[in-house]
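# Descriptive structure summary
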Amino acid sequence: MPVLDLTPDALLTTTRAVRKRLDFDAPVPDELVRECVAAALQAPSGSNEITMRFVVVRDAAMRKAIGEVYARCWDIYVNLPIAARNLKRDTPELQAQQDRVADSATYLSQHMGEAPVLVIGCTASGRVDNQPAVSTVSMLANIMPAMWNFMLAARARGLGTSWTTIHLMMEQQVAEITGIPFDSVQQACLTPLAFTKGTDFRPALRPEPDRVIHWDTWSS
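Residues numbered from 1 in each chain as written. Predicted model: local features only at pLDDT ≥ 70, side-chain atom pairs only at ≥ 80, totals over all residues. Heavy atoms only, no water.

### Considering the sheet that holds strand β3 (residues 159-160)
For the record, the criterion: In this description, strands pair whenever DSSP reports at least two bridges between them. Strands here mean DSSP runs of E at least two residues long; helices mean DSSP runs of H or I at least four residues long; both are numbered from the N terminus. Residue contacts are defined here by distance: any two heavy atoms, one from each residue, within 4.5 Å place the two residues in contact. Interaxial angle, 0 to 180 degrees, is taken between N-to-C directions of lines fitted to C-alpha atoms, where a helix line uses only the stretch in contact.
Within the open sheet, the four strands sit side by side as β1-β2-β4-β3. Their pairing is antiparallel. A single partner strand is all that each edge strand has here, and the edge strands are β1 (52-57) and β3. Set on the sheet, helix α2 (residues 30-40) makes contact with β1, β3 and β4 (186-195); between it and β1 the angle comes to about 165°.

### Examining the packing of helix α3 (residues 60-77) against helix α5 (residues 92-111)
In a pair of packed helices, the angle between the axes and the distance between the axes together describe the arrangement. The following threshold applies: Note on angle classes: values under 35 degrees are labelled roughly parallel, values over 145 roughly antiparallel, values of 65 to 115 roughly perpendicular, and the remainder oblique.
Where α3 meets α5, the closest approach of the two axes is 9 Å, and the angle between their N-to-C directions is 140°. Taken together, α3 and α5 sit at an angle that is classed as oblique. For the pair formed by α3 and α5, the contact residues are Gly67, Tyr70, Ala71 and Trp74 on the first element and Ala102, Ala105, Thr106, Leu108 and Ser109 on the second.

### Brief notes about helix α7 (residues 143-156)
Going by this rule: Working rule for helices: expected span equals 1.5 Å times residues minus one. Burial classes follow relative accessibility: with a 1.4 Å probe on protein chains only, a residue under 20% of its type's maximum area counts as buried, one over 50% as exposed, and anything between as partly exposed.
The terminal C-alpha atoms of α7, which comprises 14 residues, lie 20 Å apart, in line with the 20 Å expected from a rise of 1.5 Å per residue. Across the 14 residues that make up α7, a large majority, 10, are buried. Listed as buried for α7 are Ile143, Ala146, Met147, Phe150, Met151, Leu152, Ala153, Ala154, Arg155 and Ala156. Looking one or two places after α7, you find Gly158, whose phi comes out positive at around 80°.

### Concerning a nonpolar patch on the surface
Heads up, the rule is: Patches here are clusters of residues that have more than 30% relative accessible area and form no salt bridge, with a 9 Å joining cutoff for like charges and a 5 Å cutoff for nonpolar side chains (Val, Leu, Ile, Met, Phe, Trp, Tyr). Each accessible area value is a Shrake-Rupley result obtained with a 1.4 Å probe; residue values ignore everything except the protein chains displayed when judging cover. By salt bridge we mean one thing: a side-chain nitrogen of Lys or Arg within 4 Å of a carboxyl oxygen of Asp or Glu.
Together, Leu12, Met144, Trp148 and Trp163 give the surface a local cluster of nonpolar side chains, amounting to about 350 Å² of exposed area. Tracing the backbone shows Trp148 in helix α7. When its relative accessible area of 33% is taken as the criterion, Trp148 is described as partly exposed.

### Observations regarding the nonpolar core
As a reminder, the rule being used: Residues belong to one nonpolar core when they are buried, are Ala, Val, Leu, Ile, Met, Phe, Trp, Tyr or Cys, and are joined through side-chain atoms within 4.5 Å.
Ranked by size, the top nonpolar core spans 27 residues in total, and within it Ile66, Leu118, Ile120 and Leu190 carry the most contacts. Those elements giving two or more residues to this core turn out to be α3, α5, β2 (117-123), α8 (171-178) and β4. Counting residues per element, this core draws most heavily on α3, at six residues. Setting aside residues up to four positions removed in sequence, Leu118 forms contacts with Val55, Val56, Val57, Arg63, Ile66, Met112, Leu190, Thr191 and Pro192.

### Observations regarding α8
The following threshold applies: Note that the arc is computed from the directions linking the helix axis to the C-beta atoms.
Within α8, burial applies to Glu171, Val174, Ala175 and Thr178. Along the long axis of α8, the arc covered by the buried residues comes to 105°, so they all point the same way. Buried positions along α8 lie against β1, α3, β2 and β4. Count one or two residues on from α8 and you reach Gly179, which has phi positive near 80°.

### A short note on the environment of Glu171
By secondary structure assignment, the location of Glu171 is in helix α8. Taking the C-alpha atoms as reference, Glu171 lies 19 Å from Thr51; in sequence the two are 120 residues apart. Filtering out sequence-adjacent residues up to four positions away, Glu171 remains in contact with Arg127, Phe182, Val185, Gln186 and Gln187.

Written out as structure tokens, the structure is:
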């Protein structure tokens with residue numbers, strides 16, 4: 001399949017979390033998944049160690065089971081105080097955007113298992129539980145950029161993704177569904193993978209760079 005005609009900046013600024021515009025009925029060829037993983041493997045990797053792993057779930061029963069776990073986790077999350085804080089924004093424009101995000105995230109929680117493919121990004125370098133910050137960051141430093149490369153490659157091929165971590169509330173249950181060795185392999189994120197309904201995605205509303213840049217020192 002030819003890739004979309006996107007400039008590098010367009011690819012970087014329009015790779016959105018896609019939820020309501022996922023086409024659950026169109027199958028995703030294995031070869032496209034392989035191409036996305038090939039791109040993922042070109043991401044930065046600490047010490048050139050290839051610790052990233054991709055569990056690609058195509059089986060309908062397994063996808064349904066993961067979707068049910070994800071929905072239970074979402075129900076827990078939305079009732080936590082952190083959820084209310086995450087949904088609050090300072091201006092009407094930003095609040096409207098955040099409300100749309102919340103609505104689409106709820107939609108995905110109800111339909112995750114319907115995506116034709118689910119991809120779980122993992123690291124085979126061990127678990128990060130109770131590790132010092134330097135160890136946690138180092139252990140996840142391969143799979144995180146690799147998954148972003150995967151999502152960029154997917155976008156270029158007309159596929160949609162959505163980075164989620166809510167399922168990690170019940171990570172062991174997902175490990176049991178998929179056979180991931182829970183004691184030695186850390187899951188980092190879960191994404192649906194499906195063709196998108198249309199490919200016309202726009203940049204999100206974001207602050208100006210100078211609002212988040214600290215020149216030389218944090219106080220600048």
